[in-house]
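Secondary and tertiary structure notes
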Amino acid sequence: MRCSYRNSGGGLATKTPAEREVATLPHFGLVQDNAAMEILNRAQTWYVENALKGTQYEELPILSAAAPFKAGRGGVEDYTDVKSGTIVLKNIADLYLYDNNVVNAVKVNGATLKEWLEWSAGQFNTIDPAKGEPQSLINSDFPTYNFDVIDGVTYEIDVTSLPKYDKGQNVINANANRIKNVKYNGKAVTDDMEFIVATNDYRAAGSKLMNPGGVNTVLKAPDSNRQAMMNYVMEFKEIDAAVNNNWTFAKTNATVTFISNPKAEALAKETNNITYTGETDEKGFGLFELDLRKGLSSGNPFADVPADHWAAQYITALAEAGITKGKTDTTFDPEGSVTRGQFASLLVRSMKWTAEKESPFVDVKGRLKQDVAAAYEAGITAGTTAKTFEPAKSITRAEMAAMLVRAYEKEHGRVTVSGSMPFTDVAQYRGSIQESIHKAYQLGLMEGTGKIFKPGDTATRAQAAKVLYLLNEK
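Conventions and cut-offs
- Residues numbered from 1 in each chain as written.
- Predicted model: local features only at pLDDT ≥ 70, side-chain atom pairs only at ≥ 80, totals over all residues.
- Heavy atoms only, no water.
- Pairing = 2+ DSSP bridges.
- Helix = DSSP H or I, 4+ residues; strand = E, 2+ residues; numbered from the N terminus.
- Contact = heavy atoms within 4.5 Å.
- Axes fitted to C-alpha atoms, helices over the stretch in contact; angles between N-to-C directions.
- Parallel < 35°, antiparallel > 145°, perpendicular 65-115°, else oblique.
- Left-handed = near helix turned anticlockwise from the far one by under 90°.
- Nonpolar A, V, L, I, M, F, W, Y, C, P; charged D, E, K, R; others polar.
- Buried < 20%, exposed > 50% of the residue type's maximum accessible area, 1.4 Å probe, protein only.
- pLDDT = per-residue confidence, 0-100.
- 1 Å grid on protein atoms, 1.4 Å probe; cavity = no way out; pocket = protein on both sides within 12 Å on 5 of 7 lines; lining within 4 Å.
- Points joined across faces, edges and corners; volume = space filled by probe spheres on them.
- Salt bridge = Lys/Arg side-chain N within 4 Å of Asp/Glu carboxyl O.

Okay, the sheet that holds strand β8 (residues 179–184) next. Spatially, 4 strands are ordered β9-β8-β7-β13 in an open sheet, and the strand pairing comes out mixed. Pairing within the sheet leaves two strands with one partner each, and these edge strands are β9 (187–188) and β13 (247–249). Strand direction decides the pairing type here: strand β7 (residues 154–157) and β13, joined by 3 bridges, are parallel. Bridge pairing in β13 links Ile157 to Phe249. Contacts between helix α2 (residues 110–120) and the sheet are confined to β7 and β8, with β8 contributing the most and set at about 135° to the helix.

Structure representation (structure tokens):
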């Protein structure tokens, strides 16, 4: 989902890949990731990254913690509602309820990070899979504003385990372990890893578990969290609120219930694990059921692309939009190579280009022939000779950069190279290739690993999904 700032009318307009509203799911904020949380966490991360530049902490990974302030505590209408085309800037207070919180950041290690998440998971009751009937999921004694979602890592919550902490961060079950599979960039978080976590002054000052006596505070900013979000929107004009589902429930053989506004029935129908029972309580809340035996509501169909895979968000979005397909119905082969023909076809489908005449290439057949002709006509690709395209030849990262930049420039105009790029392994390539890599890096479409770009390496299917997703979001 993207949000675009409009000077006229002072608003934000949102859109989702393939126009799927299910990505927002504002009324289900206590049972899965949602767009409102994504916007806040990305704004806090951006703010703290800038604030810590030039300090001893600038090289540490920055995470962000935020809680769903409006999750029904104030009544059946008390939900942050983020839908396509409905957010206005003056209502950004709906995304961050308190105007007196200021941005803080704390330094924690992996062990403390896990304990933070253990405390947050006190939001849920303990579920017994042996019971046949649905069980209530939400612990009403645990304030929803304490349910911190920490973005930047992936993790699962096992609600069959007892909670480790009560709402006051006191240990109640010392051996409990609800938090599973905590990963950063796809790798397990170890106890000695160090992170910066963007948060607010309320959490930083009042957390004997994560920041006793304020000893871990590294930033006390002058700006409120709400102002940080507004600055973020004004800076970028268009912001990324795509739901990355960085946290999920560990699967278990149980069905649980939770309450929300009955209007969320329509959203429930677009998921594969939430259903509306049709029942309401005396306060007007609707009763919903969540099937913990099933996976994410937004539907990643590929068994070889787990939720914590670095490209899961991009692959799922493109699959939902009909731009890419798996190798089979249930596998994607993210590390498999991409051919010249495949990438040209993906670009054409992404940009919705069509050809008015045939290409000159005699070695391209079938449906691919039309896509390659459209790519050739658009000027984003050429043949290996005047008559051949070699569609089955694997595409390199350098070639992918060139095609990607041409596609961007066709849609948005020529890009002027500015600044420098960090890569030390591109000097042996001709000037036009170096320029394409530079532009792709400058536009945020491609990156390397430190100073290495690996221009001659074969591009993978996962890499192709990411760059196409980013191109579509421009």
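Quick look at the packing of helix α7 (residues 340–351) against helix α9 (residues 397–412) now. Running from N to C, α7 and α9 point in directions that differ by 20°, and their axes come no closer than 11 Å. Relative to α9, α7 is oriented roughly parallel. Every pair of crossing elements has a handedness; the one defined by α7 and α9 is right-handed. For the pair formed by α7 and α9, the contact residues are Arg340, Phe343, Ala344, Leu347 and Met351 on the first element and Glu399, Met400, Met403, Leu404, Ala407 and Glu411 on the second. Split into classes, the residues belonging to the contact of α7 with α9 amount to 8 nonpolar, no polar and 3 charged.

In this structure, Thr199 sits in strand β10 (residues 194–200). Overall, the relative accessible area of 2% leaves Thr199 in the buried class. Among all residues touching Thr199, those that are not within four sequence positions of it are Gln44, Ala65, Val102, Val103, Asn104, Ala204 and Asn225.

With respect to the helices and strands, the residue Ser136 is situated in strand β5 (residues 135–136). The spatial distance from the C-alpha of Ser136 to the C-alpha of Asn125 is 7.1 Å, given a sequence separation of 11 residues. Setting aside its immediate chain neighbours within four residues, Ser136 contacts Asn125, Ile127 and Thr257.

Averaged over all residues, the pLDDT of the chain is 85; the fraction at 70 or higher stands at 86%. Taken element by element, the predicted model of the chain shows its lowest mean pLDDT in strand β2 (residues 11–15) (40) and its highest in α2 (98). Within the model, the stretch residues 4–24 combines pLDDT values under 50 with 65 contacts to residues more than four positions away or in other chains. For residues 84–88, every residue scores under 50 in pLDDT, and the model assigns this stretch 18 contacts once sequence neighbours within four places are set aside.

With that settled, the discussion passes to empty space enclosed by the protein. This model, assessed by the stated rule, comprises 2 cavities of 30 Å³ or more. As a volume, the second largest cavity reaches approximately 60 Å³. Mapped by element, the contributors of at least two residues to the lining of the second largest cavity are α1 (35–51), β3 (62–66) and β10. Of the residues belonging to the lining of the second largest cavity, the class tally is 7 nonpolar, 3 polar and 2 charged.

The next thing to look at is the pattern of salt bridges. On inspection of all chains with the given rule, the structure shows 14 salt bridges. The salt bridge partner of Glu194 is Lys107, with a shortest N-O separation of 3.4 Å. Of this pair, Glu194 sits in strand β10 while Lys107 sits in strand β4 (residues 102–109), and the two are 87 residues apart along the sequence. When its relative accessible area of 39% is taken as the criterion, Glu194 is described as partly exposed. According to the relative accessible area criterion, Lys107 is partly exposed, its value standing at 28%.

To continue, consider the sheet that holds β3. With mixed pairing, the 5 strands of this open sheet are ordered in space as β6-β3-β10-β4-β11. Looking at which strands have only one partner, the edges of the open sheet turn out to be β6 (149–151) and β11 (217–224). Adjacent strand axes in the sheet meet at a mean angle of 25°, parallel and antiparallel pairs treated alike. Here β3 pairs with β6 via 3 bridges, running antiparallel. When the sheet's bridge partners are listed, Ala65 is paired in β6 with Ile150.

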